[in-house]
Amino acid sequence: RRTAMTPLNRFLLVSIVEQAEEEGQKTAFFLPEDVVTSKKPFELVEVIDVSPESKFSGKLKSGDKLVVEGHMVRKVDVFGDTAYLVEDNYVLAKA
């Protein structure tokens, strides 16, 4: 879904690519809400938009898939719209 947000200052606007859980990786129990579990070290994301100040401006296009450091994906909620941003330094590979 397209957000009204425009990335600036070397950020990429992305969406998280949901990957099917591998067989045997399913959780068989529920955790209390206050328990924090560790995030995945890497995330597969899809490019929505690229800041003109990013080193990837003109090199990546909407729909490209990237591998990024999972803990560096920033979830931003503004005016009821949710966006995911990642700084271009945390892009590890194009998938």
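Below: a short report on this structure.

Criteria and thresholds
Residues numbered from 1 in each chain as written. Predicted model: local features only at pLDDT ≥ 70, side-chain atom pairs only at ≥ 80, totals over all residues. Heavy atoms only, no water. Helix = DSSP H or I, 4+ residues; strand = E, 2+ residues; numbered from the N terminus. Buried < 20%, exposed > 50% of the residue type's maximum accessible area, 1.4 Å probe, protein only. Contact = heavy atoms within 4.5 Å. Polar contact = N/O pair within 3.5 Å; in protein donor to acceptor, adjacent residues only side chain to side chain. Pairing = 2+ DSSP bridges. Axes fitted to C-alpha atoms, helices over the stretch in contact; angles between N-to-C directions.

### Section: the environment of Glu 43
Part 1 of the reasoning: Residue position: Glu 43 is located in strand 2 (residues 42–50).
Part 2 of the reasoning: The class for Glu 43 is buried, based on a relative accessible area of 10%.
Part 3 of the reasoning: When the C-alpha atoms of Glu 43 and Leu 66 are compared, they prove to be 8.1 Å apart, with 23 residues separating the residues in sequence.
Part 4 of the reasoning: The residues contacting Glu 43, other than those within four sequence positions of it, are Ile 16, Leu 66, Val 67, Val 68, Gly 70 and Val 73.
Part 5 of the reasoning: In terms of polar contacts, Glu 43 uses its side chain to reach the side chain of Lys 40, at 3.5 Å.

### What to know about the sheet that holds strand 2
Part 1 of the reasoning: The 6 strands lie next to each other as 4-5-1-2-3-6, forming an open sheet whose pairing is antiparallel. Two strands bound the open sheet, and with one partner strand each, they are strand 4 (74–78) and strand 6 (91–94). Strand-to-strand twist across the sheet, computed as the mean angle between neighbouring axes with direction ignored, equals 45°.
Part 2 of the reasoning: Two elements, strand 4 and strand 5 (residues 81–87), share 5 bridges in a ladder whose sense is antiparallel.

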